[in-house]
Amino acid sequence: LLFAVVFYWTPPHFWALALLLQNDYANAGVPMLPVVHGEDATRRQIFLWTLVMVGVTVLPCAAGLAGWTYFVGALILNGVFVVLAFRLWRQPSRSRAKVTFHYSLLYLALLFVLMAIDAA
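Residues numbered from 1 in each chain as written. Predicted model: local features only at pLDDT ≥ 70, side-chain atom pairs only at ≥ 80, totals over all residues. Heavy atoms only, no water.

Caption draft 1: Examining the overall build of the chain more closely. Per the secondary structure count, the chain includes 7 helices and 0 strands. Along the chain direction, N to C, the helices and strands of the chain fall in the order α-α-α-α-α-α-α. A compact globule built from 120 residues would reach a C-alpha radius of gyration of about 14 Å, and the chain, at 15 Å, matches this within 12%. With the principal axes as the frame, the chain shows a C-alpha extent of 50 × 25 × 20 Å. (Helix = DSSP H or I, 4+ residues; strand = E, 2+ residues; numbered from the N terminus. Rg over C-alpha atoms; globule rule 2.2 N^0.38 Å.)

Below is the structure:
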């Protein structure tokens, strides 16, 4: 399940970064999503993958591997991520992409801290 969390976290994280570095990827010939399918498609995919990620992050609770501390904390972290991804999708800007990218780093770290606290 930890692998699944990281797996589904990766697209929103890296696509937010790819929005920031789109020109660099294009110049280097790296076929990242914003280069291949454009910024609108990338922002939509960030939002959709974030929704899937929310479901995956509650699986440890459903499997009985995490308790209420993790569940409540994960819901709060997920809520912020969903709002950021939605705003990036509907009100695109470089600053929103930057905030979404930086939050994704904090998000994953805090999610794993919650798992550790919950296990203790």
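Having put the structure on the table, let's press on.
Caption draft 2: Structural view of the nonpolar core. Ranked by internal contacts, the top residues of the largest apolar core, which has 17 residues, are Trp 9, Tyr 70, Leu 77, Phe 81, Tyr 103, Tyr 107 and Leu 111. For this core, the elements supplying multiple residues, two or more each, are helix 1 (2-20), helix 4 (39-57), helix 6 (68-90) and helix 7 (94-119). Here this core gets 6 residues from one element, more than from any other, and that element is helix 7. In this view, Leu 77 contacts Tyr 103, Tyr 107, Leu 110, Leu 111 and Leu 114; residues no more than four positions away in its chain are not counted. Membership of the second largest hydrophobic core comes to 15 residues, among which are Ala 18, Leu 19, Tyr 25 and Leu 33. (Core = buried A, V, L, I, M, F, W, Y, C linked by side-chain atoms within 4.5 Å. Buried < 20%, exposed > 50% of the residue type's maximum accessible area, 1.4 Å probe, protein only. Contact = heavy atoms within 4.5 Å.)

Keep in mind these numbers describe shape, not what the thing actually does.
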